[in-house]
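# Examination of the molecular architecture
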Amino acid sequence: MSAVAAAVPGGRAWLAFAMATVVLFGVWGALSGLTASPAFPETLVYCVWALTMVPPALFVLWRNGWRVDRSPRAIVYGLLIGLLGAGGQMLLFKALAGGPAYFIFPIISLSPVITIALSFTLLRERTTRVGAIGVVLALLALPLLDLSLGRAEGEGVGWFVLALLIMLAWGVQAYFMKRANTVVRAESIFFYMTVGALALVPVAWRMTDFGQPIATGLQGPWLVAAIQVLNAVGALCLVYAFRYGKAIVVAPLTNAGGPLITAALSLVLAGVVPGPLKLVGLAMALVASVLLALEPERPTPID
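Residues numbered from 1 in each chain as written. Predicted model: local features only at pLDDT ≥ 70, side-chain atom pairs only at ≥ 80, totals over all residues. Heavy atoms only, no water.

### Re the packing of aromatic side chains
Our working definition: Pairing of aromatic rings covers Phe, Tyr and Trp, the last counted by its six-membered ring, and requires centre-to-centre distances within 6.5 Å; plane angles under 30 degrees mean stacked, over 60 mean edge-to-face, and any other angle means tilted. By definition, any uninterrupted DSSP run of H or I lasting at least four residues is a helix, any uninterrupted run of E lasting at least two residues is a strand, and each is numbered from the N terminus.
This model, assessed by the stated rule, comprises nine aromatic pairs. On the basis of an interplanar angle of 10° and a centroid distance of 6.0 Å, the ring pair of phenylalanine 17 and tyrosine 244 is categorised as stacked. Residue phenylalanine 17 is located in helix H2 (residues 13–31), and its partner tyrosine 244 is located in helix H12 (residues 218–244); the two are separated by 227 residues in the primary sequence.

Here's what the structure looks like:
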């Protein structure tokens with residue numbers, strides 16, 4: 001991964017990793033619907049996803065000479081980042097069970113607001129006027145990109161509270177991902193993220209209803225693994241994007257760009273025509289992505 005950064009001219013490594021994240025998350029989002037089946041519940045999808053984190057973690061550790069930062073600071077940062085991400089995913093299962101997805105995902109998609117607020121106030125990150133316009137457009141586009149029409153209204157307000165908690169968890173996670181990259185190697189951060197994800201596998205396993213038939217063939221865990229590995233590698237690229245770039249720019253770019261790719265692929269592969277609001281969101285996300293890509297960035301990465 002460091003070789004990739006060295007090969008990118010002009011200190012734009014953050015952009016290379018951010019765009020890789022956008023593509024991987026976008027393709028993952030477009031293909032995730034293929035595994036949406038009661039025969040392989042989402043709790044088991046989580047278990048498979050956590051396992052797909054292991055190969056890229058081992059790869060980057062091998063590239064780094066199997067060196068893992070064992071300082072208390074590295075362990076706390078890494079596990080905190082991993083548990084915030086994995087815990088948010090676990091809460092998402094419960095939120096979707098009781099509330100409408102077309103309300104939940106727009107709320108979650110605003111997590112960059114949390115990241116930007118923390119990075120602006122605590123890390124004192126700033127951006128140019130071009131970057132600021134891109135950030136605003138990305139934030140405005142996020143709810144439109146995730147907005148989908150449905151009829152289920154959900155019961156009570158529990159799902160709403162859970163959606164807010166997920167938004168908070170993932171926003172804080174991105175902030176700590178950037179903060180940790182200033183003092184801990186990216187490889188160690190991802191290693192501890194993997195440990196955090198695996199730590200919640202027993203919880204997801206216990207939440208699974210094994211009274212129903214579970215698919216075990218190619219349409220079950222193997223297909224899920226092939227799709228979820230895109231998410232795992234995307235998460236690794238995201239760690240490197242935060243290592244080399246500003247959180248105030250990386251967070252909105254990756255959160256807006258991923259749904260842009262997902263929507264485009266859905267249109268091509270499934271013949272799904274986005275509604276007017278999504279078309280506006282797509283246009284805004286595209287402009288935001290271009291502006292954020294033009295943001296002049298000269299970060300000083302850790303070695």
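Having put the structure on the table, let's press on.
### Observations regarding the environment of glutamine 212
This is how it is decided: Each residue gets one of three labels from its accessible area relative to the maximum for its type: buried under 20%, exposed over 50%, partly exposed in between, using a 1.4 Å probe on protein chains only.
Relative to the elements of secondary structure, glutamine 212 occurs in the loop between helix H11 (201–207) and H12. On the basis of relative accessibility, which here comes to 28%, the residue glutamine 212 falls in the partly exposed class. Spatially, the C-alpha atoms of glutamine 212 and phenylalanine 40 are 9.5 Å apart, while their sequence positions differ by 172 residues.

### Topic: the side chain of threonine 115
Just so we agree on the cut-off: Contacts are assigned to residue pairs that have any heavy atoms within 4.5 Å of one another.
Relative to the helices and strands, threonine 115 resides in helix H7 (residues 111–121). Beyond its immediate stretch of four places on either side in the chain, threonine 115 contacts Trp170, Gly171, Ala174, Tyr175, Ala247 and Ala251.

### Quick look at H7
Just so we agree on the cut-off: Here the arc refers to the directions that run from the helix axis out to each C-beta atom.
Looking at H7, one finds that the buried residues are Ser111, Pro112, Thr115, Ile116 and Ser119. Down the axis of H7, the smallest arc covering the buried residues is 135°, so these residues share one side.

### A word on the packing of helix H3 (residues 42–52) against helix H4 (residues 54–63)
For any two helices packed against each other, the geometry comes down to the angle between their axes and how far apart the axes lie. So the rule is basically this: A fitted line through C-alpha atoms serves as each axis, taken over the contacting stretch for helices, and the angle formed by two N-to-C directions is quoted from 0 to 180°. Angle categories are assigned with fixed cut-offs, so that under 35 degrees is roughly parallel, over 145 is roughly antiparallel, 65 to 115 is roughly perpendicular, and the rest are oblique.
Their axes nearest at 4 Å, the elements H3 and H4 cross at an angle of 15°. It follows from the interaxial angle that H3 and H4 lie roughly parallel. Two secondary-structure elements touch here, H3 through Ala50, Leu51 and Thr52 and H4 through Val54, Pro55 and Pro56.

### Structural notes on unusual backbone geometry
Non-glycine residue tryptophan 66 carries a positive phi angle of around 60°. One can find tryptophan 66 in the loop between H4 and helix H5 (72–98).

### Description of a nonpolar patch on the surface
Put simply, the rule is: Patch definition: residues above 30% relative accessible area lacking any salt bridge, with like charges linked at up to 9 Å and the nonpolar side chains Val, Leu, Ile, Met, Phe, Trp and Tyr linked at up to 5 Å. Method for areas: the Shrake-Rupley scheme with a 1.4 Å probe, in which residue coverage is limited to the protein chains shown. Any Lys or Arg side-chain nitrogen found within 4 Å of a carboxyl oxygen on Asp or Glu counts as a salt bridge.
On the surface, Phe160, Val161, Leu164, Leu165 and Leu168 cluster together into a nonpolar patch covering about 400 Å² of accessible area. Mapped onto the secondary structure, leucine 164 falls in helix H9 (residues 158–181). On the basis of relative accessible area, leucine 164 is assigned to the partly exposed category, the value being 33%.

### Points about the nonpolar core
The following threshold applies: By convention a nonpolar core is built from buried Ala, Val, Leu, Ile, Met, Phe, Trp, Tyr and Cys residues, the set being connected through side-chain atoms within 4.5 Å.
Judged by nonpolar contacts, the single largest core of 58 residues is most densely connected at Trp14, Tyr46, Phe190, Met193 and Phe242. Listed in part, the 10 residues of the second largest apolar core include Leu92, Ile104, Ile108 and Ala163.

### Here's the deal with H2
Keep this limit in mind: Multiplying 1.5 Å by the helix residue count minus one yields the expected span of that helix.
The first and last C-alpha atoms of H2 sit 27 Å apart over 19 residues, in line with the 27 Å expected at 1.5 Å per residue. All of the buried residues in H2 are Ala13, Trp14, Leu15, Phe17, Ala18, Thr21, Val22, Leu24 and Gly26.

### A word on the side chain of glutamine 173
Counting through the fold element by element, glutamine 173 comes out in helix H9. A relative accessible area of 13% means that glutamine 173 is categorised as buried. Dropping the residues within four chain positions of it, glutamine 173 is found in contact with Ile81, Leu84, Gly85 and Met193.

### Considering the packing of H2 against H12
To be explicit about the condition: A clockwise turn of the near helix away from the far one marks a right-handed crossing, whereas an anticlockwise turn of less than a right angle marks a left-handed crossing. Residue polarity follows a fixed list, in which Ala, Val, Leu, Ile, Met, Phe, Trp, Tyr, Cys and Pro are nonpolar, Asp, Glu, Lys and Arg are charged, and the others, Gly among them, are polar.
Relative to each other, H2 and H12 sit at 155°, their axes nearing to 8 Å. On the basis of their axis angle, the class for H2 and H12 is roughly antiparallel. When the axes of H2 and H12 are compared, the crossing they make is left-handed. Side by side, H2 and H12 meet where Ala13, Trp14, Phe17, Ala18, Ala20, Thr21, Leu24, Phe25, Val27, Trp28 and Leu31 of the first sit next to Ile227, Gln228, Leu230, Asn231, Val233, Gly234, Ala235, Cys237, Leu238, Tyr240, Ala241 and Tyr244 of the second. For the contact of H2 with H12, the residue count by class is 19 nonpolar, four polar and no charged.

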